[in-house]
Amino acid sequence: MPSSEKFRNHVLEQFNGKLVEGGFRVTTRKMMGEYILYADGKVFGGIYDDRLLVKPVPAAVAMLPGAKKQLPYEGAKPMLRVTNEQIADSKFLAKLLDAMLPELPTAKPSKKK
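Just so it is clear, the structure is predicted and the values come from calculations on it, not from any experiment.

(A) The arrangement of the overall build of the chain in detail. Summing up its helical and strand segments, the chain has four helices and six strands in all. In the chain, the order of α-helices and β-strands from amino to carboxyl end is α-β-β-β-β-α-β-β-α-α. For the chain, with 113 residues in total, the buried portion stands at 39%. Long-range contacts, defined here as pairs at least 24 residues apart, represent 54% of the contacts in the chain between residues at least 6 apart. If you sum the accessible surface of the chain, you get close to 7300 Å²; carbon and sulfur atoms cover 56% of it.

What follows is the structure, encoded as structure tokens:
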């Protein structure tokens, strides 16, 4: 089941409650009915089947101690599920993202054909 645009918009509103200099901090890219999440040029998670999943970097594991590891899609690496209650807490999401970003690699530029 592809993710709904309504859920995507809700997640983005929670992350982007405050505009940062230069525009929105968190952006998405639609991929096969799902959404990849970017912040500061880095992939940190995605929206899959109306679930917010983030990469299991040490900071995320520490901030989401009871988070279930779930597969975004078949054949993918497990990611940490952010609950709806946690999504509703925009301050928590900001802290989570701030903690994760230093541990994430910069996104690789896509190859042009």
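(B) Up close: the packing of aromatic side chains. Tallied over the full model, the rule gives two aromatic pairs. Judged by centre distance (5.4 Å) and plane angle (75 degrees), the rings of F15 and F44 are edge-to-face. Taken together, the positions of F15 in helix α1 (residues 5-15) and F44 in strand β3 (residues 42-48) put the pair 29 residues apart, joining distant regions of the chain. The residues F15 and F44 share a single accessibility class, namely buried. With centroids separated by 6.2 Å and ring planes inclined at 50 degrees, the aromatic side chains of Y48 and Y73 adopt a geometry described as tilted. Separated by 25 residues along the polypeptide, Y48 in strand β3 and Y73 in the loop between β5 (69-70) and β6 (79-82) bring together distant segments of the chain.

(C) Region of interest: the layout of surface pockets. Approximately 550 Å³ is the volume attributed to the largest pocket. Along the walls of the largest pocket sit 17 residues, with M31, I36, Y48, P72 and Y73 positioned nearest its centre. Among the elements of the structure, β1 (26-31), β2 (34-39) and β3 are those that each provide at least two residues to the lining of the largest pocket.

(D) Main features of the nonpolar core. Membership of the largest hydrophobic core comes to 25 residues, with the highest contact counts inside it found for F15, V26, F44, L52, V54, V82 and M100. Taken together, the elements giving at least two residues each to this core come down to α1, β2, β3, β4 (51-54), β6 and α4 (90-100). Examining the composition of this core, we find that five residues originate from one element, α4, more than from any other. In contact with F15, not counting residues within four places along its chain, are V26, F44, L52, L93 and L97.

(E) Local environment of α1. Within α1, burial applies to F7, R8, V11, L12, Q14 and F15. The arc that holds the buried residues of α1, viewed along the axis, is 160 degrees, so those residues lie on one side. Exposed side of α1, more than 90 degrees from the buried face: E5, K6 and E13 are the residues found there. Against β1, β2, β3, β4, α3 (84-87) and α4 lie the buried residues of α1.

(F) Quick look at the sheet that holds β5. One open sheet holds the six strands; their spatial order is β1-β2-β3-β4-β6-β5, and the pairing between them is antiparallel. For this open sheet the edge positions go to β1 and β5, each flanked by a neighbour on one side alone. By the bridge criterion, two bridges tie β5 to β6 in an arrangement that is antiparallel. Considered in β6, the bridge of Q70 is made with M79.

Conventions and cut-offs
- Residues numbered from 1 in each chain as written.
- Predicted model: local features only at pLDDT ≥ 70, side-chain atom pairs only at ≥ 80, totals over all residues.
- Heavy atoms only, no water.
- Helix = DSSP H or I, 4+ residues; strand = E, 2+ residues; numbered from the N terminus.
- Buried < 20%, exposed > 50% of the residue type's maximum accessible area, 1.4 Å probe, protein only.
- Contact = heavy atoms within 4.5 Å.
- Areas by Shrake-Rupley, 256 points an atom, 1.4 Å probe, with all protein chains shown as cover.
- Phe/Tyr/Trp six-rings, centres within 6.5 Å; stacked < 30°, edge-to-face > 60°.
- 1 Å grid on protein atoms, 1.4 Å probe; cavity = no way out; pocket = protein on both sides within 12 Å on 5 of 7 lines; lining within 4 Å.
- Points joined across faces, edges and corners; volume = space filled by probe spheres on them.
- Core = buried A, V, L, I, M, F, W, Y, C linked by side-chain atoms within 4.5 Å.
- Arc of directions from axis to C-beta.
- Pairing = 2+ DSSP bridges.

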